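Chain residues, written in single-letter form:
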Amino acid sequence: MTDAMRSGLGQRILLATLIAGTLDIGMAAIETARAGKPIDGMLRSLASGPFPSAVDWGAGGAAAGLAVHYTIMAVMAAVFLIARDRIALIKRHTIVAALAYGVILWLVMYGLVLPLRFGMSFPSPKPEAIAKQLFAHVVLVGLTFGLVARRGTA
């Protein structure tokens, strides 16, 4: 049995992915609906990152968007949880590190990924948009990762 299996790392990554991913996509769906836009369009837009033609795929594109979202979330969760298991400073200060990680994720997503892939400006000119983005990345994602990381570990 590997160390990762003994420590329950895989289970914690899966749990963090499912919780944070659902909270994050839930918020995105609510914000999309509040803006009067179709949620399936938002999901197809997510899929269009790696699959540009997904915007024309209908329900398949929306399903691909969910798959892309949870795949990215799994990678983000794995990076944090593995780092937490291997770096003593992160282990000692898990919640603070998780919140900082959420800020880093926001910076990478809105400062690098979205501008390079979709030509979006960074930061958003609207303070409300920045606040929502930070809430999603720091609280819904980062904090969730930190709480799950501490679950069942020393």
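Given the structure is predicted, the values throughout are model-derived calculations rather than measurements.

So, the pattern of salt bridges
Oppositely charged side chains can form a pair if their charged atoms are brought close together.
Moving on, step 1. Within this structure, the stated rule accounts for five salt bridges.
Moving on, step 2. Note that R12 is salt-bridged to D85, the shortest N-O span being 2.9 Å. Taken together, the residues R12 in helix 2 (residues 9-34) and D85 in helix 4 (residues 59-86) connect sequence positions 73 residues apart.
Moving on, step 3. The partner of R34 in a salt bridge is E31, with the nearest N and O atoms 3.2 Å apart. Taken together, the residues span about one helical turn, with R34 and E31 both in helix 2 at a distance of three residues.
Moving on, step 4. When salt bridges that share partners are traced, they join E31, R34, E128 and K132 into one network.

Examining the packing of helix 2 against helix 3 (residues 39-47)
Moving on, step 1. In the contact formed by helix 2 and helix 3, the axes pass within 9 Å of each other and the chain directions differ by 125°. Classed by the angle they form, the pair helix 2 and helix 3 counts as oblique. The chirality of how helix 2 crosses helix 3 is right-handed. When helix 2 is examined against helix 3, the residues I25, A28, A29, T32 and A33 are found in contact with a partner set consisting of I39, M42, L43 and L46.
Moving on, step 2. When the residues that make up the contact of helix 2 with helix 3 are grouped by side-chain class, the tally is eight nonpolar, one polar and no charged.

Observations regarding the side chain of S48
Moving on, step 1. Mapped onto the elements, S48 comes out in the loop between helix 3 and helix 4.
Moving on, step 2. Excluding anything up to four places from it in sequence, S48 contacts A54, V55, R117 and F118.

Some details on the environment of K91
Moving on, step 1. On the secondary structure map, K91 appears in helix 5 (residues 88-92).
Moving on, step 2. Each C-alpha atom of the pair K91 and L81 lies 9.5 Å from the other, and the pair is 10 residues apart in sequence.

Considerations on the nonpolar core
Moving on, step 1. Counting 20 residues, the largest nonpolar core has M76, F80, L81, V141 and F145 as its most contacted members.
Moving on, step 2. Top contributing element to this core by residue count: helix 4, with seven residues.
Moving on, step 3. In this view, F80 contacts I90, T94, A97, A98, Y101, F145, G146 and A149; residues no more than four positions away in its chain are not counted.
Moving on, step 4. Counting five residues, the second largest nonpolar core, distinct from the first, contains I25, A29, M42 and A62.

Things to note about a nonpolar patch on the surface
Moving on, step 1. A grouping of I104, V108, L112, V113 and L116 is seen on the molecular surface, where their side chains present a nonpolar patch of about 450 Å² in accessible area.
Moving on, step 2. Looking at the secondary structure, you find L112 in helix 6 (residues 94-118).
Moving on, step 3. Take L112: its relative accessible area is 46%, and that puts it in the partly exposed class.

Conventions and cut-offs
- Residues numbered from 1 in each chain as written.
- Predicted model: local features only at pLDDT ≥ 70, side-chain atom pairs only at ≥ 80, totals over all residues.
- Heavy atoms only, no water.
- Salt bridge = Lys/Arg side-chain N within 4 Å of Asp/Glu carboxyl O.
- Helix = DSSP H or I, 4+ residues; strand = E, 2+ residues; numbered from the N terminus.
- Axes fitted to C-alpha atoms, helices over the stretch in contact; angles between N-to-C directions.
- Parallel < 35°, antiparallel > 145°, perpendicular 65-115°, else oblique.
- Left-handed = near helix turned anticlockwise from the far one by under 90°.
- Contact = heavy atoms within 4.5 Å.
- Nonpolar A, V, L, I, M, F, W, Y, C, P; charged D, E, K, R; others polar.
- Core = buried A, V, L, I, M, F, W, Y, C linked by side-chain atoms within 4.5 Å.
- Buried < 20%, exposed > 50% of the residue type's maximum accessible area, 1.4 Å probe, protein only.
- Patch = residues over 30% accessible without salt bridge, like charges linked within 9 Å, V, L, I, M, F, W, Y side chains within 5 Å.
- Areas by Shrake-Rupley, 256 points an atom, 1.4 Å probe, with all protein chains shown as cover.

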